[in-house]
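# Secondary and tertiary structure notes
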Protein chains: 2
Amino acid sequence: MTSKQEFIEKLRNSSLRPTKQRINICEVLFNRDKTFHFTISDLFNLIKDKTGEKISLATVYNTVHAFHKKGYLKEIPINSNQTYFDTNVTDHHHFFDVKEEKLIDLKNEDIGPIEIQKSIPGKKIKSVEVLVKLED
Amino acid sequence: MTSKQEFIEKLRNSSLRPTKQRINICEVLFNRDKTFHFTISDLFNLIKDKTGEKISLATVYNTVHAFHKKGYLKEIPINSNQTYFDTNVTDHHHFFDVKEEKLIDLKNEDIGPIEIQKSIPGKKIKSVEVLVKLED
DNA sequence: TTCCTTGTTTATAATTATTCTAAAGAAGAT
DNA sequence: ATCTTCTTTAGAATAATTATAAACAAGGAA
């Protein structure tokens, strides 16, 4: 069980005051055992369902973006109309079930090290993302 | 120099009649030496610039989607507000220069084989995409 | 506490990419 | 040439995201 104090700490680290709404967002995002893949719309609906409290969509967007900027959330590169985020911010990859529109974690061991031989002068690697699309 | 006949063939293969507008799209897309990464908006503007002829945005969307469906274009999974396409439909990967918002091809040799150890029952792998984000 | 400043929430409007629509026009077969 | 079917087009509709600005809450200071 993740404690409210941890949520407050995460919020303060992200330069956000710990308000009721933001704590509720944290409850849904971080109070879990397993990694959580979501869109803003998923999160918005879950907050209503889980906490019984109403929240503005704008607040969800703002808070998610602050967490993303701070590194508490990861954005998953997928071609979709919606943006997907992940609470697992460690270096890992994904299956994407195209039909079900569902993401599944791939551990680094499932893929093995990826070694990039090419380099671009003046640029350094920020992240390496592997997306494996699945079909029936 | 790619010939008009090839464009017509590509169009017919995609179940599209070869109209003036679609030939113009082909000119911009396929009459090149190097691979071409673009958004619909890029393409729309280039058609005006290169051919001097006006085209409807809807026609660009429709034609690009038909080519994509047929496999003449590849969609590149990036988190961006816009969708990126690639005229290089061979199996390859990308650098994405986050600052410049620019894509750079990575040959398969630049990365080496990617072996997916995990599998999901009832599903098979449709594609494997590696996206390497670059920063300064 | 109470006051005050600054940050926050919210509903709503604005923006942007994409898709839809339906009428006018072009392609292709006969 | 004629006719049917497909295509183009402008503009409307949709949907995700971002911006706005007024009401409200948090946190510090007195």
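Scoring rules and cut-offs
Residues numbered from 1 in each chain as written. Chains lettered and ligands numbered in written order. Predicted model: local features only at pLDDT ≥ 70, side-chain atom pairs only at ≥ 80, totals over all residues. Heavy atoms only, no water. Near = heavy atom within 4 Å. Polar contact = N/O pair within 3.5 Å; in protein donor to acceptor, adjacent residues only side chain to side chain. Helix = DSSP H or I, 4+ residues; strand = E, 2+ residues; numbered from the N terminus. Nonpolar A, V, L, I, M, F, W, Y, C, P; charged D, E, K, R; others polar. 1 Å grid on protein atoms, 1.4 Å probe; cavity = no way out; pocket = protein on both sides within 12 Å on 5 of 7 lines; lining within 4 Å. Points joined across faces, edges and corners; volume = space filled by probe spheres on them. Buried < 20%, exposed > 50% of the residue type's maximum accessible area, 1.4 Å probe, protein only.

## Description of the protein's contact with DNA strand C
Close to DNA strand C lie 20 residues; Thr19, Arg22 and Lys54 of chain A together with His65 and Thr83 of chain B are nearest. Within 4 Å of the protein, the atoms of DNA strand C are drawn from sugar and phosphate moieties in a proportion of 83%. Thr19 of chain A has a polar side-chain atom sitting 2.4 Å from a phosphate oxygen of DNA strand C. Taking Ser56 of chain A, its main chain carries an N or O atom lying 2.9 Å from a phosphate oxygen of DNA strand C. Of all the secondary-structure elements, those providing two or more residues to the surface near DNA strand C are helix 2 (20-30) and helix 4 (57-70) of chain A together with helix 4 (57-70) of chain B. Of all the elements, helix 4 of chain B adds the most residues to the surface near DNA strand C, at four residues. Across the surface near DNA strand C, the residue classes break down as seven nonpolar, eight polar and five charged.

## Here we look at the layout of surface pockets
Quantified by volume, the largest pocket comes out at close to 800 Å³. When residues of the lining of the largest pocket are traced back to their parent elements, those giving at least two are helix 3 (40-51), helix 4, strand 2 (74-76) and strand 6 (124-135) of chain A. No other element matches the four residues that strand 6 of chain A contributes to the lining of the largest pocket. Broken down by class, the residue content of the lining of the largest pocket amounts to 10 nonpolar, 16 polar and eight charged. Its volume calculated, the second largest pocket comes out at about 510 Å³. Residue lining of the second largest pocket: 20 residues in total, with Lys133 of chain A together with His68, Glu75, Lys126 and Ser127 of chain B positioned closest to the centre. Mapped onto the lining of the second largest pocket, the elements with two or more residues apiece are helix 4, strand 2 (74-76) and strand 6 (124-135) of chain B. The dominant element in the lining of the second largest pocket, judged by the number of residues it contributes, is strand 6 of chain B, at four residues. Residue composition of the lining of the second largest pocket, grouped by class: five nonpolar, seven polar and eight charged.

## With respect to unusual backbone geometry
All names here are of chain A. Unusually for a residue other than glycine, Ser15 sits at a positive phi of about 60°. Assignment of secondary structure puts Ser15 in the loop between helix 1 (4-13) and helix 2. Phi at Glu101 is positive, roughly 55°, even though this residue is not glycine. Its location among the elements puts Glu101 in the loop between strand 4 (93-97) and strand 5 (102-106). Exposure remark for Glu101: the relative accessible area of 45% places this residue in the partly exposed category.

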